[in-house]
Amino acid sequence: MDSTSAGLARSAVKAKGRRGPTNPFRMALIGLAGVIPVVIAAVLLFLVVYAWPAIRFNGIDFLLTKTWDLGNLYADPVPRHGVLAPIGATYGCLVFVAGTLASSFLALLVAVPVSLGIAVFLAEGVKRQLRTPFAIVVELLAVVPSVVYGLWGIIVLVPIAAHIIAPVLAAVFPFIPFLAQAGGSGFGLLSSSLVLALMVIPVITITVFDALTRIPKEAKEAAYALGTTKFEMVFFTMLPMIRPAVIGAVILGLGRALGETMAVLMVSGGALNYMPTTLMSPISTMASFILSQLDSAEQDESGLAVQSLAEIAIVLFVITVVVNIVARLLVRKGASR
Amino acid sequence: MSDGTLLPRVTRAQFLKSVSLAAVGLTIPGIVGAAHAAEDVTILETGSSLLYPLFNLWVQGYSKIAPTLRITTQSTGSGTGIAQAIKGIAQIGASDAYMAGPQVKKNPTMLNIPLAISAQNIIYNLPGLNGSALNMSGPVLAGIYSGKITNWNDKAIAALNPGVALPNHAILPIHRTDGSGDTFIFTQYLSKSTPEWASSVAFGTTVSWPAVQGGIGAIGNPGMVQTAAQNPYSIAYVGVSFLAQIQAAGLGVSPLQNKAGKFVLPNPQTIVAAASGLIDSTPADQRISLIFADGEMAYPIINYEYAIVDSKQPSAALAKAIKGLLTWAIDPTGGSTGDYLSKVHFVALPDKIRMQSHARIATIAA
């Protein structure tokens, strides 16, 4: 074989190698990017291994029953379902799943229209000089610690929910049982959802606002050239153009709502053993229940109580992942349109 | 091929070398730390939120006696206090409840040392009646918290309060959502006074509360007081150290029916009366419920506030520091004077129990 052509081939291989998977920079990036899925998988694996005795003990009933009872921690645990368990212990997470999904869904129901309105207002409704101060205020809302929202919820929102919102709803919609419960304490689904909505609004607003400002001027001018009003231009040109960003923003918001712990714990009313039936019902969410129960669970020497809390964490994890995947599919569908 | 196998071998050797260097690096400060341990001891106290304010007062007072000792206090809940003391993360776990039997069996070196006596207030918010000290009993409270008694004008409540015009309004029972020693002693009172409660819900730092229409879960003693203040027609249970907040919120405090059938409010006399009947039956390991004690004047919901301490400490200096602090805390001329205890409405240990606690403290060693 011709030596020059062999040399060329070798240098070509070398050059390719530098760009290819053996390039150290590329390898480092792959390694760093790989950390995230590895960490997620490790967390899930840890949870499953840790919660395994509880998973075996609880079976499918864990997802289907609404009774959570640590049992008698002051007597010796007895073997049941192949595991040592406190007498009378039963663990069911249906109440917490319902509370989490209901409060997150209602929060989005409030937050999405409000956030879109604020974002459109910031992008199109204010003078350029005022835009930055407004945007900074919205961003500040996103960094307020959640316990502050919780405190505000207890002191301000809960009394308003009990003494103003609930009676008004009951008076206006007496025929809808879900809305028509006057009285009650104000702690519950409505207050939790409103606190969550307030925490989610800045997240969605900022993301949508960023997307709106990136829309090329030509698109807007083209819409105006066709004789649209500003309202029509926003609703029929701008918002459809950023549909994937809107859906992405809603996913981000939903993620925050599903996992929020402290603020919800403070205003949820801590429901146990019963499902929410009205807007004013007390609820418990999965994340806040784990936090509030850990202290007592640690007194269970059989370990089953803490392991069952870990099982709730697995359920929350799976729900979050499923919600994300569904939302991502929606984005893809939206983008391909 | 040979290159391929050589490379990992070299890195492995380097790796081992670096690991051993790191290990040496870690042990050197360890040795230095041990040498300084005599002067440089840190005690971490964590657990009960009821004991927390008193412990902070103690830390201030004890700093005059042992100025070099560093004490960190945390209010994390009794269950966490016990768990962290067992794991050795905290040197003193503060708890309103004694350790559960299975926990003691598994961790036989753990001590339950009473430091003081606490009590619990049953509070209520009834417009117009907060000043009239509405009587309550264990069976009536059990009825309210299990949803069998739902209205303030129920005849069971009326029977305890002859002559009081009770409102026709639904009762809002408030319970603790977080794990709590207050829930432990409250549900223990219900269990000991009401067999039906004992066989269904029983007691613990959290219990599986029956679903009650209008029932509310609140977080912490401050949350209980605030929720009761915000919600007319509510009833709640709150640690005695929050009496000032209860009075500031204008809430009513219920005299409770004791085992002798009398209605008594928590105060130093009724708390001592309840404790004194149980002094002789307190076992050597000091794990005993003081709930629903005998005696005409005995207040039915009182409890020992415990320090949960491992009798096997990692160093002699640490053991000595813990012993010094706890001995001073229960000393009637040290941390157990009225100056400290009356601020949180606690009562000092009776002499015999204090001697028992001293004996327990003396077993702490390295």
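All figures in this text were calculated on a predicted structure; none of them were measured in a lab.

Examining the overall build of chain B
In terms of regular secondary structure, chain B is built from 14 helices and 11 strands. Burial analysis of chain B (366 residues in total) assigns 55% to the buried set. Counted over contacts in chain B with a minimum sequence separation of 6, partners at least 24 positions apart contribute 75%. About 14,800 Å² of surface is accessible on chain B, with carbon and sulfur atoms providing 61% of the total.

A look at the overall build of chain A
Counting its regular elements, chain A contains 13 helices and 4 strands. For chain A, whose C-alpha radius of gyration is 26 Å, the value lies well above the compact-globule estimate of 20 Å for 337 residues. Projected onto its principal axes, the C-alpha coordinates of chain A cover approximately 85 × 65 × 35 Å. Contacts in chain A between residues at least 24 apart in sequence constitute 76% of all its contacts with a sequence separation of at least 6. Accessible area for chain A stands at about 17,000 Å²; split by element, carbon and sulfur atoms hold 73% of it. Each charge sign in chain A was given a centre, from 22 positive and 16 negative side chains, and these centres are 18 Å apart.

What about the interface of chain B and chain A?
The interface of chain B with chain A comprises 40 residues on the first partner and 32 residues on the second. Across the interface of chain B and chain A, roughly 2,800 Å² is buried in total on both sides, 49% from carbon and sulfur atoms. It is Pro 102, Ser 208 and Gln 230 of chain B that lose the most area in chain B upon contact with chain A, and together they represent 18% of the buried surface on that side. Our count for the contact surface shared by chain B and chain A stands at 3 salt bridges. Two residues, Asp 76 of chain A and Lys 105 of chain B, come together in a salt bridge whose shortest N-O distance is 2.4 Å.

Comments concerning a nonpolar patch on the surface
Residue and element names in this part refer to chain A. On the surface, a nonpolar cluster with roughly 680 Å² of combined accessible area is contributed by Leu 151, Trp 152, Ile 155, Val 156, Ile 160, Ile 164, Val 168 and Val 172. Secondary-structure assignment places Trp 152 in helix H6 (residues 146-172). By relative accessible area, which is 37% here, Trp 152 ends up partly exposed.

A few points about unusual backbone geometry
Backbone phi values are negative for most residues with the exception of glycine, while trans is the configuration of most peptide bonds. Not every positive phi belongs to a glycine, and His 81 of chain A is a case in point at roughly 50°. Looking at where His 81 of chain A falls in the secondary structure, it is placed in the loop between strand E2 (78-80) and strand E3 (83-85). Residue classification places His 81 of chain A among the exposed positions, given a relative accessible area of 54%. For Phe 292 of chain B, which is not glycine, the phi dihedral falls at a positive 55°. On the secondary structure map, Phe 292 of chain B appears in the loop between helix H11 (268-276) and strand E11 (302-310). The class for Phe 292 of chain B is buried, based on a relative accessible area of 15%.

Some remarks on the UniProt feature "transmembrane region" (unreviewed entry) in chain A
Within this numbering scheme, the UniProt entry marks residues 28-52, 89-122, 134-154, 160-180, 187-209, 241-259, 271-292 and 312-331 of chain A as carrying the feature "transmembrane region" (unreviewed entry). Measuring from the first to the last C-alpha atom of residues 241-259 of chain A gives 30 Å, for a span that is 95% helix and 0% strand.

Examining the pairing of strand E2 (residues 70-75) of chain B
Residue and element names in this part refer to chain B. In this sheet, E2 lies alongside strand E1 (residues 42-47) in parallel orientation, the contact comprising 6 bridges. The residue of E2 that forms the bridge with Gly 47 is Ser 75. A crossover connection joins E1 to the parallel E2 through helix H2 (residues 52-62); in handedness this β-α-β unit is right-handed.

Here we look at the domain arrangement of chain A
Residues and elements named next belong to chain A. Domain boundaries in chain A define domain 1 (19-85) and domain 2 (95-336). Once you take the C-alpha centre of each, domain 1 and domain 2 turn out to be 27 Å apart. Between domain 1 and domain 2, the contact holds 24 residues from the first and 25 residues from the second. Both faces combined, the contact of domain 1 with domain 2 buries some 2,000 Å², and carbon together with sulfur accounts for 76% of it. The tally of links between domain 1 and domain 2 comes to 0 salt bridges. The tally of links from domain 1 across to domain 2 stands at 3 residue pairs in polar contact (both at pLDDT 80 or more). At the level of secondary structure, the elements contributing two or more residues to the side of domain 1 that touches domain 2 comprise helix H2 (24-58), helix H3 (61-64) and E3.

Re the layout of surface pockets
By volume, the largest pocket is sized at about 720 Å³. For the largest pocket, the lining is made up of 36 residues, of which Ser 49, Arg 176, Asp 178, Ile 219 and Gly 220 of chain B are closest to its centre. Elements supplying a minimum of two residues to the lining of the largest pocket: H6, helix H11 (262-267) and helix H12 (286-297) of chain A together with helix H3 (78-87), helix H7 (181-193), strand E6 (216-218) and helix H9 (220-230) of chain B. Per element, the largest residue contribution to the lining of the largest pocket is 6 residues, and it comes from H9 of chain B. In terms of residue class, the lining of the largest pocket is built from 13 nonpolar, 17 polar and 6 charged. In this structure, the second largest pocket encloses a volume near 450 Å³. Contributing to the lining of the second largest pocket are 28 residues, with Gln 181 of chain A together with Val 212, Gln 213, Gly 214 and Gly 215 of chain B lying nearest its centre.

Brief notes about the packing of helix H8 (residues 217-225) of chain A against helix H9 (residues 230-241) of chain A
Between two packed helices, both the angle of their axes relative to each other and the distance between the axes serve to describe the pair. Residues and elements named next belong to chain A. Across the interface, H8 lies against H9 with an axial gap of 10 Å and an inter-helix angle of 140°. In this view, H8 runs oblique relative to H9, as classed from their interaxial angle. Seen along the crossing, H8 lies across H9 with a hand that is right-handed. Across the interface between the two elements, Ala 219, Lys 220, Ala 223 and Tyr 224 of H8 pack against Lys 230, Met 233, Thr 237, Met 238 and Met 241 of H9. Looking at the contact of H8 with H9 residue by residue, the classes come out as 6 nonpolar, 1 polar and 2 charged.

Looking at the environment of Ser 296 of chain A
Residue placement: Ser 296 of chain A occurs in helix H12. A relative accessible area of 0% means that Ser 296 of chain A is categorised as buried. A C-alpha to C-alpha distance of 8.9 Å links Ser 296 of chain A and Val 306 of chain A, two positions 10 residues apart in sequence. With near-sequence residues (within four places) excluded, Ser 296 of chain A lies in contact with Leu 70 and Leu 73 of chain A together with Gly 179, Ser 180, Thr 205 and Thr 206 of chain B.

So, the pattern of salt bridges
A full pass over the atoms with the stated rule returns 12 salt bridges over all chains. Between Glu 301 of chain A and Lys 106 of chain B there is a salt bridge whose closest N-O contact spans 3.7 Å. With Glu 301 of chain A in the loop between H12 and helix H13 (304-336) and Lys 106 of chain B in helix H4 (residues 101-106), this residue pair bridges two chains. A salt bridge links Arg 354 of chain B to Asp 351 of chain B; the nearest nitrogen and oxygen atoms lie 2.9 Å apart. With a gap of 3 residues between them, Arg 354 of chain B and Asp 351 of chain B both fall in helix H14 (residues 351-362), about one helical turn apart. Looking at Asp 351 of chain B, the relative accessible area reads 54%, which means it is exposed. Where salt bridges share partners, they join Arg 176, Asp 178 and Asp 182 of chain B into one cluster.

A word on the side chain of Asp 96 of chain B
Residues and elements named next belong to chain B. Within the secondary structure, Asp 96 sits in the loop between strand E3 (92-95) and H4. Buried and unpaired, Asp 96 has Arg 176 as its nearest opposite-charge partner, separated by 6.9 Å. There is a polar contact of 2.6 Å between the side chain of Asp 96 and the side chain of Ser 48.

Criteria and thresholds
Residues numbered from 1 in each chain as written. Chains lettered and ligands numbered in written order. Predicted model: local features only at pLDDT ≥ 70, side-chain atom pairs only at ≥ 80, totals over all residues. Heavy atoms only, no water. Helix = DSSP H or I, 4+ residues; strand = E, 2+ residues; numbered from the N terminus. Buried < 20%, exposed > 50% of the residue type's maximum accessible area, 1.4 Å probe, protein only. Contact = heavy atoms within 4.5 Å. Areas by Shrake-Rupley, 256 points an atom, 1.4 Å probe, with all protein chains shown as cover. Rg over C-alpha atoms; globule rule 2.2 N^0.38 Å. Lys, Arg positive; Asp, Glu negative; His and termini not counted. Charge placed at Lys NZ, Arg CZ, Asp CG, Glu CD. Buried area = accessible area lost by both parts, 1.4 Å probe. Salt bridge = Lys/Arg side-chain N within 4 Å of Asp/Glu carboxyl O. Patch = residues over 30% accessible without salt bridge, like charges linked within 9 Å, V, L, I, M, F, W, Y side chains within 5 Å. UniProt positions renumbered as here; feature names shortened; annotations may be inferred. Pairing = 2+ DSSP bridges. Right-handed = clockwise from strand over helix to strand, strands pointing away. Domains from an automatic or database assignment. Polar contact = N/O pair within 3.5 Å; in protein donor to acceptor, adjacent residues only side chain to side chain. 1 Å grid on protein atoms, 1.4 Å probe; cavity = no way out; pocket = protein on both sides within 12 Å on 5 of 7 lines; lining within 4 Å. Points joined across faces, edges and corners; volume = space filled by probe spheres on them. Nonpolar A, V, L, I, M, F, W, Y, C, P; charged D, E, K, R; others polar. Axes fitted to C-alpha atoms, helices over the stretch in contact; angles between N-to-C directions. Parallel < 35°, antiparallel > 145°, perpendicular 65-115°, else oblique. Left-handed = near helix turned anticlockwise from the far one by under 90°.

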